[in-house]
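# Observations on chain architecture
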Amino acid sequence: MSFKIAFIGAGSLVFARTLFTDILSVPEFHDIEIAFTDINPENLERTRQLCQRDLDANEIPITIQATTDRREAFRNARYIINCVRIGGLEGFETDIEIPLKYGVDQCVGDTLCTGGIMYGQRVIAALLDFCKDIREVAEPGAIMLNYSNPNAMATWACNKYGGVKTIGLCHGEIHGEMQIAEVLGIPREELDITCAGINHQTWYISVKHHGKEMLDQILPGFEAHEKFREEEKVRIDILKRFGYYSTESNGHLSEYVAWYRKRPDEIKDWINLDNWINGETGGYLRVTRESRNWFDTDFPQILAEPPKKLDGSERGKEHCSYIIESLETGKKYRGHFNVMNEGCITNLPSESVVEVPCYVDGNGISVPKVGELPLGCAAVCSQSIWVQKLAVEAAVSGDVNLLKQAALMDPLTGAVCNPPEIWQMIDEMLVAQEEWLPQYKEAIAQAKENLKRPDLLPVNEGYRGAVRLKEKTVAEVAAEKEERKITV
């Protein structure tokens, strides 16, 4: 069996190596072609070095092609795995820090809310360029497996405007399944779980054990769970009010709706600071900053570890390898993917991207009809979908009015800011992110003029958010890691 897989964003060492390990754990794939590409040649080489060592240690006769020329990486590829973060840490900082001055307090800011909308503008501009290259040099009918956020917006743009069949993949739903199994006290493999909705706002609409529906036992299970009842307050509150558990983490979910982060003095009531993902202000940005020197500090230690075993014993749960395995070998696989709706969920817009159960085998990816979502769940998703649609169309066309309307319609942004504040905030973000937004050249020139006006609205320049932890120094992070090693 011979075909080619290209990884774009391969300099993201841990995640790229995880997916690589999963794929090469399939015995039939031990003679395929692998290409890595990234804009950072140093990080790219480090990933190649580790993965090539894994191959050699397992006596798999593949030589990885690593190149900063993505067209060469894509050439004749059947599958392109995308895990890029356009703008890197510098762009991410503006997604969080600028909205914070206007009172928009985000935990992650990569899917919806102001940060997610702007991140989508950067990512879509880049992905449409990727799609052009894929159409021109990859194998005809090549499939892109997209892990980049905002996943729904990116997947939507690639399918509608990029001309490349794109499947969006996310592991949030897998984590929630494990939580449900834990609160029910039932092994995950004994549960038949169905999710449906949109990425990061998907709902567990059925949880069966040996054919018996268990939905009515989920809320009591979470409320009785000593850890989850403290860490998942937003998710449990949504479960109480809408009747269904949401796939995404407490911090993520809190920023997708209007109700939990609009009053600074109340935010602390809904989150837990044991882990950033539970809702800390700028939590993901903090841990990203703390690990910004990760390659320099941790790479030598990883290199000193034993190579990965590619015999299946270290294969993870990410959908990517299982999809490719099913398409190539015919082995059946069921998972929840992000696909164009096209009538799968009948009470959500047909053009939207939905996250639903799919089946894969040698005949392709099949998307069964889910039917209607529970009405309240559909309402929550529909509000987000209209924000996504506005943001996608804005990113493709460079239409600044659509971009500002997307921010205006965003649940949390609209709950905190009035229209003049949103218009000024987006101007400020356009200027700050200019290098990654080629489609907004004229709008950015106008935004610069707008920001010179003497009557600008006041902002809270020094505001750090309602619940923000102190960022650790490089030395403190290193000391913590050393302490953990000694403890273990």
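This text gives an overview of the structure that appears in the document. None of the values given here were measured: they were computed from a predicted structure.

About the thresholds
- Residues numbered from 1 in each chain as written.
- Predicted model: local features only at pLDDT ≥ 70, side-chain atom pairs only at ≥ 80, totals over all residues.
- Heavy atoms only, no water.
- Core = buried A, V, L, I, M, F, W, Y, C linked by side-chain atoms within 4.5 Å.
- Buried < 20%, exposed > 50% of the residue type's maximum accessible area, 1.4 Å probe, protein only.
- Helix = DSSP H or I, 4+ residues; strand = E, 2+ residues; numbered from the N terminus.
- Contact = heavy atoms within 4.5 Å.
- Pairing = 2+ DSSP bridges.
- Axes fitted to C-alpha atoms, helices over the stretch in contact; angles between N-to-C directions.
- Parallel < 35°, antiparallel > 145°, perpendicular 65-115°, else oblique.
- Left-handed = near helix turned anticlockwise from the far one by under 90°.
- Nonpolar A, V, L, I, M, F, W, Y, C, P; charged D, E, K, R; others polar.
- Salt bridge = Lys/Arg side-chain N within 4 Å of Asp/Glu carboxyl O.

All right, on to the nonpolar core then. Formed by 94 residues in total, the largest nonpolar core has its most connected members in I5, F7, I23, I34, I81, I324 and F337. At 11 residues, helix α16 (residues 375-397) tops the list of elements feeding residues into this core. Each residue touching I34, except ones within four places of it in the same chain, is listed here: I5, F7, F20, L24, I62, T63, I64 and Q65. Residues V123, A138, M144 and W436 belong to the second largest nonpolar core, which totals 24 residues.

This paragraph deals with the environment of K4. Position of K4 among the secondary structure elements: in strand β1 (residues 4-8). Relative accessible area serves as the criterion here: at 6%, K4 is assigned to the buried category. Distance from K4 to E33, taken between C-alpha atoms, is 4.4 Å for residues 29 residues apart in sequence. Excluding its chain neighbours within four sequence positions, the residues that come into contact with K4 are E33, A35, Q65, E72, A73, R75, N76, A77, R78 and Y79.

Here is the key point about a regular strand: its side chains alternate between the two faces of the sheet. Residues of strand β4 (residues 79-82) alternate between two faces, with Y79 and I81 on one and I80 and N82 on the opposite face, all of them buried. Examined bridge by bridge, β1 and β4 share four bridges and lie parallel to one another. Bridged to A6 within β4 is I80. Here β4 runs beside strand β5 (residues 143-146); their pairing, made up of four bridges, is parallel. Each residue of the ladder has a partner; that of I80, found in β5, is M144.

Remark: helix α6 (residues 151-162) packs on α16, axes separated minimally by 10 Å, with the N-to-C direction vectors making an angle of 55°. By the angle class used here, α6 and α16 are oblique. Along this stretch, α6 crosses α16, giving a crossing that reads as right-handed. Contacts between α6 and α16 involve A152, M153, W156, A157, K160 and Y161 from the first element and I385, Q388, K389, A391, V392, E393 and V396 from the second. Grouping the amino acids of the contact of α6 with α16 by side-chain chemistry returns nine nonpolar, one polar and three charged.

Right, let's get into the pattern of salt bridges. Any two side chains of opposite charge can pair, given that their charged atoms come close. For the structure shown, the criterion picks out 40 salt bridges. For the salt bridge of R70 with D133, the shortest nitrogen-to-oxygen distance reads 2.7 Å. Pair noted here: R70 is in helix α3 (residues 70-74) and D133 is in helix α5 (residues 113-137), with a separation of 63 residues, a long-range link. You can call D133 buried: its relative accessible area is 7%. As a salt-bridge pair, R315 and E325 come within 2.9 Å of each other at their nearest N and O atoms. Residue R315 is located in the loop between α14 (294-304) and α15 (319-329), and its partner E325 is located in helix α15; the two are separated by 10 residues in the primary sequence. The exposure class assigned to E325 is buried, which follows from its relative accessible area of 8%. Via salt bridges that share partners, E93, E97, R289, R292, R468 and E471 belong to a single interconnected network.

Moving on to the environment of F299. Secondary-structure assignment places F299 in helix α14. Residue class for F299 comes out buried when judged on its relative accessible area of 7%. Distance in space between the C-alpha atoms of F299 and L13 is 9.3 Å, their sequence separation being 286 residues. Apart from the residues within four sequence positions on either side, F299 is in contact with L13, R46, Q49, L50 and W294.

Within strand β8 (residues 201-209), seven of the nine residues are buried, leaving the element largely enclosed by the surrounding structure. Strand direction decides the pairing type here: strand β7 (residues 191-198) and β8, joined by eight bridges, are antiparallel. Considered in β8, the bridge of L191 is made with H209. Hairpin connection between β7 and β8: a loop of two residues separates the two successive antiparallel strands, and H200 in this loop has a positive phi of roughly 70°. Across two bridges, the pairing between β8 and strand β9 (residues 212-213) is antiparallel. By the bridge assignment for β9, K208 is matched with E213.

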